[in-house]
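Structural description and commentary
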Amino acid sequence: MKILIAGATGDTGLRLTRQLSKTEHEPIAMHRASSDISGLPEGVARREADLTALKGDECDGVDVVVFAAGSGGDTGAEMTDKVDRDGARRLVDIAGEAGVKRFVMLSSVGAGDPDPDSELGHYLEAKHDADEHLIASGLAYTIVRPVALTDDDGSRNVRLGDEVDPQGKAARGDVAAVLARAATGPELEGRVFLMESAG
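Residues numbered from 1 in each chain as written. Predicted model: local features only at pLDDT ≥ 70, side-chain atom pairs only at ≥ 80, totals over all residues. Heavy atoms only, no water.

1. A look at the sheet that holds strand S5 (residues 102-106)
Counted only if it meets this: Two strands are said to pair when DSSP picks up at least two bridges between them. Secondary structure counts use DSSP, requiring at least four H or I residues in a row for a helix and at least two E residues in a row for a strand, with both numbered from the N terminus. Lines fitted to the C-alpha atoms define the axes, with helices restricted to the stretch that makes contact. Angles between their N-to-C directions range from 0 to 180 degrees. The contact criterion used is simple: two residues touch if any of their non-hydrogen atoms lie within 4.5 Å.
With respect to topology, 8 strands assemble into an open sheet ordered S3-S2-S1-S4-S5-S6-S10-S8, the strand pairing being mixed. Of all the strands in the sheet, the pair left with one neighbour each is strand S3 (45-48) and strand S8 (158-160). Strand-to-strand twist in this sheet, taken as the mean axis angle between neighbours without regard to direction, amounts to 25 degrees. As paired elements, strand S1 (residues 2-6) and strand S4 (residues 64-67) share 4 bridges and run parallel to each other. In the sheet register, isoleucine 3 faces S4, and the bridge partner there is valine 64. Strand contacts of helix H1 (residues 11-21): S1, strand S2 (26-31), S4 and S5, with the helix running at about 165 degrees to S1, the strand carrying the most contacts. Contacts between helix H3 (residues 121-135) and the sheet are confined to S4, S5, strand S6 (140-146) and strand S10 (191-197), with S6 contributing the most and set at about 155 degrees to the helix.

Below, the structure written as structure tokens:
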């Protein structure tokens, strides 16, 4: 399958792109013109696009989309809305119009019922809105909500759903592996779940 990865040069998206490049599937790295693409695997397909100004053809010829992008912790509320909410929702719509088979969303713990007064309240509300838009889209979907992220590769030993400690940790390498599972097979389809690394 051809798998478009939005945010392919980010901390988690890059790990996912590298993992998928070692499989029989074809990752397509979606990135902004200004992104550092030097870490992408050699020979991986690339597709230049800006989540704040999508043109409508980003998902052409693609079987699966993984949204692993984010505005980053240093941006303000306006950019959070443009990328994490509006960009994600627009990409869902474009995927539907292009006949994409499956859409995988990297969300966050707390996005299910965001507390507007929390430190991450605005970000979580944006993620919540994007998640709800995907659920209502009619696309086959998976929404992964990792707990606090670390930059570790992880062991691929993970917990999903009700077993997850919301105060736990999720290694980015493990998150990428779960996203890859969701993108390449039906076992996690139609599910919204928390995820943590189990050691």
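2. Points about the pairing of S6
The two faces of a sheet get side chains in turn, since along a regular strand they alternate between them. The criterion, for reference: The rule is simple: take the accessible area with a 1.4 Å probe, protein chains only, and divide by the maximum for that residue type; under 20% is buried, over 50% is exposed, in between is partly exposed. When the strands point away from the viewer, a crossover counts as right-handed if the path from the first strand over the helix to the second runs clockwise.
Among the 7 residues of S6, 6 are classified as buried, and the element is accordingly described as predominantly covered. Alignment of S5 against S6, held across 5 bridges, turns out to be parallel. Directly across from leucine 106, in S6, lies its bridge partner valine 144. In this view, the connection linking S5 to its parallel neighbour S6 by way of H3 has right-handed handedness. Bridge count between S6 and S10: 5 bridges; the pairing is parallel. Residue pairing across strands places arginine 145 opposite leucine 194, the latter belonging to S10.

3. Quick notes on the pattern of salt bridges
Under the convention used in this document: What counts as a salt bridge is simple: a side-chain nitrogen of Lys or Arg found within 4 Å of a carboxyl oxygen of Asp or Glu.
This model, assessed by the stated rule, comprises 14 salt bridges. Measuring nitrogen to oxygen at the nearest pair gives 2.7 Å for the salt bridge that ties arginine 85 to aspartate 86. The partly exposed category is assigned to aspartate 86, whose relative accessible area is 30%. Across the salt bridge formed by arginine 145 and aspartate 131, the nearest N and O atoms sit 2.9 Å from each other. Of this pair, arginine 145 sits in strand S6 while aspartate 131 is found in helix H3, placing the two residues 14 residues apart along the sequence. Since its relative accessible area comes to 11%, arginine 145 is described here as buried. In this structure aspartate 131 comes out as buried when scored by relative accessible area, which is 0%. Several salt bridges share partner residues, and in doing so they unite Arg15, Asp153, Arg156 and Asp174 into one network.

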